[in-house]
Amino acid sequence: MAALGDSITRAYDACSVPLKDCPSKSWATGDDVDSHAKRLGVPRQAVHNNARTGARMNELDDQARVAVGQGVEYVTVLLGANDACRDKESQMTSVSEFEQQVREGLAVLRDGLPGVRVLVVSIPDVARLWEVARGERMARAVWSTGICQTVLSDPESTKPDDIERRQRVRDRVVAYNEVLRKACNEWAAQCRYDGGAVNAHRFTKNDLSHWDWFHPSGQGQGVIADLTSRNGFRWQ
């Protein structure tokens, strides 16, 4: 199997050392969490984590080509949070660009890996992070360094303009997820969408890394693994 994605799939900041990937705790491929690879009993030498911290949807096709070269039979895709989490709203990926990138990436898998099964995971509700952790002084301090400013800028503000800004980002993520759902459903025999399960889940403080209050903690990685396993393929 191969996991395609960004820092979530690389389990960034999920370990005891900050500012590092921690793939052993990845919801998709990790050994230290009840990951997809672990649940399916895939031999370690056959598990590939092709995700890259910081990746956006425009990297899906390249990561997919790597998976084709690996000759895998199962692929997980969790990408798109960084398309909405930018310094400014104007930098967010447009929905039309996002759709083109999704379709190009899935086409690489469809053409290069006949018979492959693909699980497409909904993008988490990034605005939920502000709701959960805005009362934490450390969270606000870390966010001020430049994390997901479209949502987390001026976190103590409840002015109408800031509330509306966060809602626009939330709406963009909803639109991205609709693209993922439609593109996957067009390839229904081999593609499963998680039904929006990850996006709908109300992550708690303990589900977030206490290094950056943004990425999933080890516990949060386990939550994603469970949600996506319950809403993915029914393996024989």
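This section reports on the structure supplied with the text. Just so we're clear, the structure is a prediction, and the values are computed from it rather than from any experiment.

1. Concerning the layout of surface pockets
(1) Moving on: Taken as a whole, the largest pocket encloses approximately 400 Å³ of empty space.
(2) Moving on: Lining the largest pocket are 20 residues, with Gly146, Ile147, Cys148, Phe214 and His215 positioned closest to its centre.
(3) Moving on: Of the residues belonging to the lining of the largest pocket, the class tally is nine nonpolar, six polar and five charged.
(4) Moving on: In this structure, the second largest pocket occupies an estimated 190 Å³ of space.
(5) Moving on: The wall of the second largest pocket is formed by Met1, Leu40, Val42, Gly71, Val72, Glu73, Tyr74, Gly115, Arg117 and Trp235.

2. With respect to the packing of aromatic side chains
(1) Moving on: Applying the stated criterion to the full structure yields two aromatic pairs.
(2) Moving on: Both rings, one in Tyr74 and one in Phe233, keep their centres 6.1 Å apart while their planes meet at 85°; by these two values the pair is edge-to-face. Of this pair, Tyr74 sits in strand S3 (residues 74-78) while Phe233 sits in the segment after helix H10 (218-230), placing them 159 residues apart in sequence.
(3) Moving on: Judged by its relative accessible area of 7%, Phe233 is buried.
(4) Moving on: Relative to Tyr176, the ring of Phe98 lies with its centre 4.0 Å away and its plane at 15°, an arrangement referred to as stacked. A residue pair is termed long-range when its members are at least 10 positions apart, and Phe98 in helix H4 (residues 95-112) and Tyr176 in helix H8 (residues 160-185) qualify at 78 residues.

What counts, and at which threshold
Residues numbered from 1 in each chain as written. Predicted model: local features only at pLDDT ≥ 70, side-chain atom pairs only at ≥ 80, totals over all residues. Heavy atoms only, no water. 1 Å grid on protein atoms, 1.4 Å probe; cavity = no way out; pocket = protein on both sides within 12 Å on 5 of 7 lines; lining within 4 Å. Points joined across faces, edges and corners; volume = space filled by probe spheres on them. Nonpolar A, V, L, I, M, F, W, Y, C, P; charged D, E, K, R; others polar. Phe/Tyr/Trp six-rings, centres within 6.5 Å; stacked < 30°, edge-to-face > 60°. Helix = DSSP H or I, 4+ residues; strand = E, 2+ residues; numbered from the N terminus. Buried < 20%, exposed > 50% of the residue type's maximum accessible area, 1.4 Å probe, protein only.

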